[in-house]
Amino acid sequence: MAIIKRIRKSGTRFQVKMRGSDGAWITHTFTNKPDAKAFEIELRHQRSIGLTTTNIGNQVTLDSYFEHWKEVVEHQVTPAWHEQQISLYKNHIQESLGRIRLQAITSVDIATTLNALTKKGYSESTKLHVFGLLRKLFRDAIELFKVLHSNPVLRTLKPKVSVKEAIYLNSPQLTK
């Protein structure tokens, strides 16, 4: 594990290098030394308490992660739900987020994807389904696969679906 000072034309950068629990190098570059030191301390802490520390989230795109994810969850859910999630991904998510590295996806990217659905004329209900799939994908990346540390799909981005009040018959309509 080391912090390496890199002097470039654009300025000085500090690169943290450490071997992960999978044997591959974990590298991350910062503009100042205190941030690099804090990241190094966090990695050491994670390794000391037995958490897996890998850089796989920085190498895997959302498309390749989704392919692996759908195979894993296929036997845990109903076939209809599984097919619906694949359809939602291919129709609404893959075009905008599919080629981005898993770790590089931010809350802004998620918000942009959801806003694009509104511009295309999709309903709030469809946006809610897409939000749910994204939330599940990233929650599983954190809890099940352990390739991410935080979920970019924030609850504050959840679309609000208006609830229509049910229409009931009044007394004269009932007697009629």
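As a reminder, the structure under discussion sits directly above these lines.
Counting starts from 1 at the beginning of each chain's written sequence and moves along it residue by residue. With pLDDT at 70 or above as the cut-off, local features in this predicted model cover only qualifying residues; side-chain atom pairs require 80 or more to be listed or tallied, and sums for whole chains, interfaces and linings still use all residues. Where side-chain values are given, they derive from all heavy atoms of the structure, hydrogens and water being excluded.

### A few points about the environment of Phe 14
Right, on to step 1. Helix and strand definitions here come from DSSP, where helices need a minimum of 4 consecutive H or I residues and strands a minimum of 2 consecutive E residues; each element is numbered from the N-terminal end. Mapping Phe 14 onto the fold places it in strand β2 (residues 11-19).
Right, on to step 2. Any residue under 20% of the maximum accessible area for its type is buried, any over 50% is exposed, and the rest in between are partly exposed; the area is computed with a 1.4 Å probe on protein chains only. We classify Phe 14 as buried; its relative accessible area is 12%.
Right, on to step 3. Note on definitions: a residue-residue contact is assigned when non-hydrogen atoms from the two residues lie within 4.5 Å. Phe 14 has contacts with Ile 3, Ile 4, Lys 5, His 28, Thr 29, Phe 30, Thr 31, Asn 32, Lys 33 and Ala 36, leaving out every residue within four places of it along the chain.

### With respect to helix α3 (residues 79-97)
For the α-helix, the turn length of 3.6 residues means that residues three or four positions removed from each other point alike.
Right, on to step 1. For a residue, the bend is simply the angle between two axes, fitted respectively to the seven-residue segment ending there and the seven-residue segment starting there. At Lys 90, α3 is deflected by roughly 45 degrees, the largest bend along its length.
Right, on to step 2. Where α3 is concerned, the buried positions are His 82, Gln 85, Ile 86, Leu 88, Tyr 89, His 92, Ile 93 and Leu 97.
Right, on to step 3. Buried residues along α3 sit in contact with α2 (62-73), α4 (107-119) and α5 (124-143).

### Remarks on the packing of aromatic side chains
Right, on to step 1. Each pair of aromatic rings taken from Phe, Tyr and Trp, with Trp reduced to its six-membered ring, is defined by centres within 6.5 Å and is described as stacked if the planes are under 30 degrees apart, edge-to-face if over 60, and tilted in the remaining cases. This structure, assessed with the given rule, holds five aromatic pairs.
Right, on to step 2. Ring centres of Phe 30 and Phe 39 lie 5.4 Å apart, and the angle between their planes is 50 degrees; this geometry places the pair in the tilted category.
Right, on to step 3. Each member of the aromatic cluster is reached from another via a ring pair, and the members are Phe 66, Trp 69, Trp 81 and Tyr 89.

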